[in-house]
Amino acid sequence: MKKTCGRICLGLCLALFVTVLGGCGKKAEQPMESKLLLGFSQIGAESAWRIGNTRDIEEQAENYAVSLMLENANQKQENQIAAIRRFIAYKVDVIAFSPIVEEGWDNVLLEAKDAGIPVILVDRDISTEKEGLTACVIGADFYQEGVMAAEYLIRKADRMELEHVNIVEITGTENSTPMLQRQAGFMDTIADDPRMTVLESIDGDFLKSRGAECMRALLEAYGDQIDVVYSHNDEMTLGALPEIEKAGYEPGRNVIIISIDAGQKAIDVLKEGKINCVVECTPKLGKELMETALKLKKGESVDAVIHPEEHFFSDEMDPSKIAPRGY
Ligand code: AHR
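Here the residue numbers are simple positions, counted from 1 along each chain's written sequence. Local features in a predicted model are, by the rule used here, given only for residues with pLDDT of at least 70; side-chain atom pairs are given and counted only at 80 or more, and totals for whole chains, interfaces and linings are based on all residues. The basis for every side-chain value is the complete set of non-hydrogen atoms in the structure, without hydrogens or water.

**With respect to the packing of aromatic side chains**
- What counts as a ring pair is set by centres within 6.5 Å for rings of Phe, Tyr and Trp (its six-membered ring), and what kind of pair is set by the plane angle: stacked under 30 degrees, edge-to-face over 60, tilted for all other angles. Tallying each qualifying case throughout the model produces two aromatic pairs.
- Ring geometry for phenylalanine 97 and tryptophan 105: centres 4.8 Å apart, planes at 55 degrees, overall tilted. When sorted by exposure, phenylalanine 97 lands in the same class as tryptophan 105, which is buried.
- Centre to centre, the rings of phenylalanine 186 and tyrosine 230 are 4.0 Å apart; their planes meet at 15 degrees, and the pair counts as stacked. Type-normalised accessible area, obtained with a 1.4 Å probe on protein chains alone, sets the label of each residue: buried when under 20%, exposed when over 50%, and partly exposed for intermediate values.

Below, the structure is given as structure tokens:
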């Protein structure tokens, strides 16, 4: 709530400043009139991706003259539910949030619906039996990201003429959309390839520290049987890499490393040859969010699902051509 208070206080100070100058007969520059009040509940700050996503939403709110009430839930669903209730009480025009997990939102979303406030899902989706709780979802096609990761692996196995490929998977937060979909896309794509065996999938919660812990446990259990690490985000990959090196292996050379997000740090490591493939997941969803929220305020219809375009980067291409990532 820190930022929200900051914004509200700043607004009050500006209003006071304008009023005071007005009383002195001087003309003050009017602050840009806000077109909309948007309440946004962010998951937390677990990754460079998430921090980049928050920054982008703040910047785009300014660009579109949207007043943003931003709350950080510190990785807790109950904090997100409480934030949404505060947005309802505050009578914001539109609510947006990135659901940490898919289940458990029906009650609070029914309250938003009863209050007549449209809800936009940002980045992640929810799972519900109820109709019409949300207006749309703006976020990546996580299934396709898993498909791209697996297709890269199949090409790599062909090039290296591998007969058996043993994979360990470090997954994101259990029951979150990216975890479920990145796993499904990957597993469906390797399913018909008899070379591929998944030794274990382990929950790394999208955190660097957990990525390291998971990798230590996997190395202890499987050692040199591991041919591939498929990690659901860069943060966990960056945690896992030093553990692989400490155990005496060379990531990118004798262990194939596949990551998702494509933040700058991972791209730098790809350039060093320690990551083989990194699938892009863009955090830059702010522009689409502001445009969609403004449409909803005007009562216009919006697309139910909005996916940004995404690509991948790998050792199949010239890494010097990769433009700075911005997150
Ligand atoms: O939901 C998007 C995922 O969440 C990103 O891959 C990850 O880095 C973030 O924390």
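Resuming the write-up.
**A word on unusual backbone geometry**
- The residue lysine 91 is not glycine, and still its phi comes out positive at about 60 degrees.
- Within the secondary structure, lysine 91 is located in the loop between α3 (77–89) and β3 (94–97).
- Here asparagine 175, not a glycine, exhibits a phi torsion of approximately 65 degrees, which is positive.
- You can call asparagine 175 partly exposed: its relative accessible area is 40%. In this text, helices come from DSSP runs of H or I with a minimum length of four residues, and strands from runs of E with a minimum of two, each type numbered from the N-terminal end.

**Description of the site of the ligand**
- Any residue with at least one heavy atom within 4 Å of a molecule or strand is counted as near it. Taken together, Glu46, Ser47, Trp49, Arg50, Asp123, Arg124, Phe142, Pro178, Arg182, Phe206, Asn233 and Asp261 make up the full set of residues near the ligand.
- In the analysis that follows, any N or O atom pair within 3.5 Å is treated as a polar contact, provided that within protein one partner can donate a hydrogen and the other can accept it, and provided that, for residues neighboring in sequence, both atoms belong to side chains. Aspartate 123 is positioned such that a nitrogen or oxygen atom in its side chain is 2.9 Å from an oxygen atom of the ligand.
- Between the ligand and asparagine 233, the relevant distance is 2.9 Å, taken from an oxygen atom to a side-chain nitrogen or oxygen of the residue.
- Per-residue accessibility takes into account occlusion by the displayed protein chains alone, with areas from the Shrake-Rupley method and a 1.4 Å probe. When the ligand sits alone it has 280 Å² of accessible area, and the protein chains cover 100% of it.

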